[in-house]
Amino acid sequence: MENGKLKIILSGGGTGGHIYPSVAVAETLRSELGEGVELLFVGAEGKMEMEKLPALGYRVVGLPVAGLQRRFDLRNFALPFKVAESIRRARRTIRDFGADAVAGFGGYASAPVLWAAQRMGIPTLIQEQNSYAGMTNKILSRRAERICVAYEGMERFFPADRILFTGNPLRGDFGKAAPRAEAAAHFGLQADRPTLLVVGGSLGTRTLNEAMKRHIDRFGNGSEVQVIWQTGKYYEKEMAAFMAERRYPNIWSGAFIDRMDYAYAAADAVVSRSGACTVSELALAGKAVLFVPSPNVAEDHQTKNARALADRDAALLIPDAEAVEKAIPEALALVADRPRREALERNIRRMATPDAARTVASEIIKLARKR
């Protein structure tokens, strides 16, 4: 602590699912402490955090760390050298900044900065977003003072006496529903008609886009059901060309949804991937959801996230391999089944954690002040 100011390092990146929880906590720390805190982010060179964080007004330092390629790749031979250099730079960054605490939210850079901090005697906190912890966090948890988790039963991965159930920190107030009429109008839709939201993340999801293409004629003339279809950046041109041949006034499609609160408020049911932050948003919004987990993630954690809800009758789950054929028909059946939707909504709301960012920030402050 320097001149009464807490100095805190936050590290999370590679995907929005790691970046935005760390930003939600950073915003809370600034709100709680004002000029009494100085924040520094540590990310991985070339990853999205190096662009996103400065755009949000945060200082970020990049490390050369990279992940192991799953297939044979010459880049794997350079990995040990990048890790060693990243740990060296992390130690220097921690020392030069004078950190009082370090919090890791996942992503390539979290490992070296937490590893270095732990060996320098700096208190560390891990925020694990998923229901199945990765190997890196399991190793780092041995020396972490606090592990904040979003799912019950995480004692099988982490020391039980250091676990705190917090939920996943989110930016925005998804627990406060926007007026449905206002939300529907944002997408050029009608508020009194049943609405399905199909969303695959900012980059998009091939499976969900193919599912919509396969069943698009179900939403043709005469259909009562409206659709909000987020196609994703990767598929923007392809899907725009596909929809150009179909003039369905009850379908809004676009690469990006700028108001997810409106999308949730307008929707009666949702078809979605099951990344950790998406699951947390849907729980706060209290939506009936059919999850199609991505199979292309470490430890198949999206399936485990979705299964944690499906086992509690808080969501439906369809494997990716079956989704092109089954996801849209099952989602339409859910839209038409009001009692089923209401049961799923009740159960998923029970899993919501609206104060996650404040709780995690409070734990970081406690650690920093102990030093």
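Everything discussed here concerns the structure shown above.
Residues numbered from 1 in each chain as written. Predicted model: local features only at pLDDT ≥ 70, side-chain atom pairs only at ≥ 80, totals over all residues. Heavy atoms only, no water.

Take the pattern of salt bridges next. Taken as a whole and assessed by the stated rule, the structure comprises 24 salt bridges. Notably, a salt bridge pairs R180 with D268, separated by 3.0 Å at the nearest N-O pair. Here R180, found in helix α6 (residues 180-186), pairs with D268, found in the loop between α9 (260-266) and β11 (269-272); they are 88 residues apart in sequence, far enough to count as distant. Salt bridges sharing partners connect three or more residues here, namely E45, E85, R88 and R89. (Salt bridge = Lys/Arg side-chain N within 4 Å of Asp/Glu carboxyl O. Helix = DSSP H or I, 4+ residues; strand = E, 2+ residues; numbered from the N terminus.)

What follows covers the environment of A44. One can find A44 in strand β2 (residues 37-44). Leaving out residues up to four positions away in the same chain, A44 has contacts with E49, M50, L63, V65, Y108 and A109. (Contact = heavy atoms within 4.5 Å.)

Within this structure, the stated rule accounts for four aromatic pairs. Measuring from centroid to centroid gives 5.1 Å for F41 and Y58, while their planes differ by 65°, and the two rings are edge-to-face. A residue pair is termed long-range when its members are at least 10 positions apart, and F41 in strand β2 and Y58 in the loop between α2 (49-55) and β3 (60-63) qualify at 17 residues. The same class applies to F41 and to Y58, which are both buried. Joined through ring pairs, the aromatic side chains of Y132, F157 and F158 make up one cluster. Geometry around F242 places K213 over its ring, the cationic atom sitting 5.6 Å from the centre. Across the ring face of Y132, the terminal group of K304 is positioned such that the distance to the ring centre comes to 4.5 Å. (Phe/Tyr/Trp six-rings, centres within 6.5 Å; stacked < 30°, edge-to-face > 60°. Buried < 20%, exposed > 50% of the residue type's maximum accessible area, 1.4 Å probe, protein only. Lys NZ or Arg CZ within 6 Å of the ring centre and 35° of its normal.)

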